[in-house]
Amino acid sequence: MSLKSERRGIHVDQSDLLCKKGCGYYGNPAWQGFCSKCWREEYHKARQKQIQEDWELAERLQREEEEAFASSQSSQGAQSLTFSKFEEKKTNEKTRKVTTVKKFFSASSRVGSKKAEIQEAKAPSPSINRQTSIETDRVSKEFIEFLKTFHKTGQEIYKQTKLFLEGMHYKRDLSIEEQSECAQDFYHNVAERMQTRGKVPPERVEKIMDQIEKYIMTRLYKYVFCPETTDDEKKDLAIQKRIRALRWVTPQMLCVPVNEDIPEVSDMVVKAITDIIEMDSKRVPRDKLACITKCSKHIFNAIKITKNEPASADDFLPTLIYIVLKGNPPRLQSNIQYITRFCNPSRLMTGEDGYYFTNLCCAVAFIEKLDAQSLNLSQEDFDRYMSGQTSPRKQEAESWSPDACLGVKQMYKNLDLLSQLNERQERIMNEAKKLEKDLIDWTDGIAREVQDIVEKYPLEIKPPNQPLAAIDSENVENDKLPPPLQPQVYAG
């Protein structure tokens, strides 16, 4: 990672974000610059080397114990029978310990442990049978409903997932790195089996893996997030204290291209801070990554509104550093380590989620190593700011002489506040006038459209229809008609 403070701001070489091994995927400072795949290979090599060294140490200790026991037996003989028995018992105990170490580091230990896990898995697990929380129950139902659409493949996935969770219950005594390795192996094996045996398309594999990660990590969260066996909590306190000490850093020092005086930009900054803080409330690594992605997109929007042009990587990283300093997210290091250890590796190696997460790791690393040169300050000023003796925001007030009247200082402070309120009032009035003008233009436009329609399709008013006349009203020869017949009565 190469972070520099230049005239344009803090820059990062995008090639430094890639894996040190040159595989083309994004690297991660938490993995010493390697991607997930290369880091696992390096971890396996280091672990095999450690196993070999421990094996040699165990053999050497056993030889020394045997030689010491033999020499003590020959020198003392039968005169110190009680002491010899004590030494023999002590040697036997140490021999059993050495043998246990050998078995633990031997290649066949994994096979034996797996058999034991399978036998123990037949018994009901206390963690599985405990009363689950509302969220865990909801996630379980969603996972089962999701797998029903895959029929036989879904049943096989559910079976493997349940076996994995039961196996993880008996592996809580392992280190968090070993538990992380088990989770990464499980992700890899399930994805590979779906692609090779199940012939599942890559798009559906990705969706299935997201659901698997959500299901298992919701259940394992309380055991693997910031465990007591690690120094994650210590790192959280250290970075939180560091950020609190750097509260005096201004956007101008970091060359942040964001103008918070613009209301829309200020809203974007608040949303970005909210998203990065909300990351700690999520349980699933994918959901935590989604918070980082939303935060990053708000940052890009804020830069775009300020500069009226798309943001670049040179603009994004300093702004992300500023957001982290201003928000001081809780348990930042624990969340980064949790994502690194238990997130689906395909998300961290490719895509925008992996890119934004890598930038967040770079931002945290920059904050940890921040010095006077990074901010273009003298060492004396930097030390004064860090100690709290003074602040860049208070220099104007400090320019007053000690003998100046407090009332005059307060008056100028109030004038400055009134000036800011006046500018805000003018901005609101301008927006109100603009809204009024827009309403008038809209009303005039509607009236013109109505007039055009009336002119194009004029309204024709027709006279009312004449009433219907009698049938014989137009017969002019009525006088020539014979008289009507009259009824006659005949006497019978």
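Residues numbered from 1 in each chain as written. Predicted model: local features only at pLDDT ≥ 70, side-chain atom pairs only at ≥ 80, totals over all residues. Heavy atoms only, no water.

**Thoughts on the side chain of Gln184**
As for its placement among the helices and strands, Gln184 is situated in helix α7 (residues 176-196). Judged by relative accessible area, which is 4%, Gln184 ranks as buried. (Helix = DSSP H or I, 4+ residues; strand = E, 2+ residues; numbered from the N terminus. Buried < 20%, exposed > 50% of the residue type's maximum accessible area, 1.4 Å probe, protein only.)

**Thoughts on the packing of helix α6 (residues 152-169) against helix α8 (residues 202-224)**
With their axes 11 Å apart at the nearest point, α6 and α8 run at an angle of 30° to one another. By the angle class used here, α6 and α8 are roughly parallel. Two packed elements cross with a definite hand, and for α6 against α8 that hand is right-handed. For the pair formed by α6 and α8, the contact residues are Ile157, Tyr158, Thr161, Lys162, Phe164, Leu165 and Met168 on the first element and Ile208, Ile212, Tyr215, Ile216, Arg219 and Leu220 on the second. Across the contact of α6 with α8, the residue classes tally to 10 nonpolar, one polar and two charged. (Axes fitted to C-alpha atoms, helices over the stretch in contact; angles between N-to-C directions. Parallel < 35°, antiparallel > 145°, perpendicular 65-115°, else oblique. Left-handed = near helix turned anticlockwise from the far one by under 90°. Contact = heavy atoms within 4.5 Å. Nonpolar A, V, L, I, M, F, W, Y, C, P; charged D, E, K, R; others polar.)

**Details of the nonpolar core**
Core analysis: the biggest nonpolar cluster contains 51 residues, and Val249, Leu254 and Ile292 have the highest contact counts within it. Elements represented by at least two residues in this core include exactly α9 (232-245), α10 (263-278), α11 (285-307), α12 (313-327), α13 (332-342), α15 (351-368) and α16 (379-387). Among the elements that make up this core, the one with the highest residue count is α15 (10 residues). Discounting chain neighbours no more than four positions away, the residues touching Ile292 are Ile276, Met279, Ile339, Tyr356, Phe357 and Leu360. (Core = buried A, V, L, I, M, F, W, Y, C linked by side-chain atoms within 4.5 Å.)

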